[in-house]
Amino acid sequence: MTFKELKFRTHAENDVQAWTQQGNYEVSIIRNSLSYGGDKGLYEIGVYEAGTNKMCDPLGWGDDVKGWLTPEGVEKELELIERL
């Protein structure tokens, strides 16, 4: 999935979120004032086991979110998650 294919919803100025299904995972992509890098226009992603509200770390980030991502960085992480 490319970054341009993501369907972001705007919640407030500089506060956006998109969801996508990648294999057995649901992924949230956000940018807001509280997300890692959001104040710099960068994105943070969080991964959930599909059909649950349980966050997980399938790529071994050492955290259940990964921030400071450019659009290209988001695409790379989505591609890695899809391959699982």
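Numbers given to residues run from 1 along each chain, matching the order in which its sequence is written. A pLDDT threshold of at least 70 governs which residues receive local features in this predicted model, and a stricter bar of 80 or more applies before side-chain atom pairs are shown or counted, although totals over entire chains, interfaces and linings include all residues. Side-chain calculation: all heavy atoms of the structure are included, whereas hydrogens and water are not.

Here the focus is helix α1 (residues 71-82). The terminal C-alpha atoms of α1 lie 16 Å apart, and with twelve residues this matches the ideal 16 Å at 1.5 Å per residue to within 8%. Contact criterion: two residues are considered in contact whenever any of their non-hydrogen atoms come within 4.5 Å of each other. Going along the chain from the N terminus, every DSSP run of H or I of four or more residues is numbered as a helix, and every run of E of two or more is numbered as a strand. Looking at the packing, one finds that the buried side of α1 touches β2 (15-22), β3 (25-31), β4 (43-49) and β6 (65-69). To estimate how far a helix should extend, the number of its residues minus one is multiplied by 1.5 Å.

What follows covers the pairing of β3. Burial classes: relative accessible area under 20% of the type maximum marks a residue as buried, over 50% as exposed, and values in between as partly exposed (1.4 Å probe, protein chains only). Of all seven residues in β3, six are buried; the element is thus mostly enclosed. When DSSP finds at least two bridges between two strands, those strands are taken to pair. Looking at chain direction, β2 and β3 are connected through seven bridges and run antiparallel. Across the sheet, the residue bridging to V16 is R31, located in β3. Between β2 and β3, which pair antiparallel in sequence order, lie two residues; one of them, G23, sits at a positive phi of approximately 60 degrees. Bridge count for β3 against β4 is six bridges, and the pairing is antiparallel. Within β4, the position partnered with V27 by the bridge is V47.

Here we take up unusual backbone geometry. For residues besides glycine, phi is generally negative; the peptide bonds are generally trans as well. With a phi angle near 60 degrees, W68 is a residue other than glycine that sits in the positive phi range. Checked against the element boundaries, W68 lands in strand β6.

On to the pattern of salt bridges. The salt bridge criterion pairs a side-chain nitrogen of Lys or Arg with a carboxyl oxygen of Asp or Glu, the two atoms within 4 Å. A complete count under the given rule lists three salt bridges for this structure. Among the salt bridges present, the one from K66 reaches E77, with a minimum N-O distance of 3.0 Å. Pair noted here: K66 is in strand β6 and E77 is in helix α1, with a separation of eleven residues, a long-range link. With a shortest N-O distance of 2.3 Å, R83 and E79 are connected by a salt bridge. For E79, a relative accessible area of 42% translates into the label partly exposed.

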